[in-house]
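Listed below, chain by chain, are the residues.
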Amino acid sequence: MALLPILCFPDPRLHKVAKPVAAVDDRVRALVADMFETMYDAKGIGLAATQVDVHERVVVIDVSEERNQPLVLINPEIVWASPETRVGEEGCLSVPGIYDGVERSLAVHVRAQDADGNSRVIEAEDLLAVCMQHEMDHLMGKVFVEYLSPLKRGRIKTKLLKQQKAAHA
């Protein structure tokens, strides 16, 4: 297993649309293991392959306090979303230190394959539902700050670019 570098907004690679995984094989399982290690190390609750510059439809999630309920979503698709929504504060490993309100469905049903290639439907609500929607946005090349006003997004971009320059100076 290995820690993978996480792309930071406004890196253009975060806007690539992920391609479906053709077969769940050892390569994909190794990617999943590396993604979990990276997510746990970064203190995140979800990570999409897009964020580690792998443009395939793979997501790992663990919203448990104990960090012992890993969830793998390969080729996920939302098959139902509740019409009820809520604005909740979100953050992102690709947008470090930034948190803001995003409107999401309160509950979703997601069809996906697990690390063994088995297909299933997961019924999620609350934090898990929000996390699934957030990570699946990444697979479509969308970062949560794109839900914010252009002014806020511009300020975030400027702040993160300054931080990145300072880190590389």
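Refer to the preceding data block for the structure.
Residues numbered from 1 in each chain as written. Predicted model: local features only at pLDDT ≥ 70, side-chain atom pairs only at ≥ 80, totals over all residues. Heavy atoms only, no water.

Student: I tried to follow the overall build of the protein chain on my own but got confused; where do I start?
Tutor: Per the secondary structure count, the protein chain includes 3 helices and 7 strands. Beginning at the N terminus, the succession of helices and strands in the protein chain can be written as α-β-β-β-β-β-β-β-α-α. Here the C-alpha atoms of the protein chain give a radius of gyration of 16 Å, agreeing with the 15 Å that 2.2 N^0.38 yields for 169 residues. Taking the principal axes of the C-alpha coordinates as reference, the protein chain spans close to 45 × 40 × 30 Å. (Helix = DSSP H or I, 4+ residues; strand = E, 2+ residues; numbered from the N terminus. Rg over C-alpha atoms; globule rule 2.2 N^0.38 Å.)

Student: How should the environment of Leu-31 be read in this particular structure?
Tutor: Assignment of secondary structure puts Leu-31 in helix H1 (residues 26–41). A relative accessible area of 10% places Leu-31 in the buried class. In this structure the C-alpha to C-alpha distance between Leu-31 and Ala-129, which are 98 residues apart in sequence, comes to 23 Å. Excluding residues that lie within four positions of it along the chain, Leu-31 makes contacts with Leu-4, Ala-49, Val-54 and Val-58. (Buried < 20%, exposed > 50% of the residue type's maximum accessible area, 1.4 Å probe, protein only. Contact = heavy atoms within 4.5 Å.)

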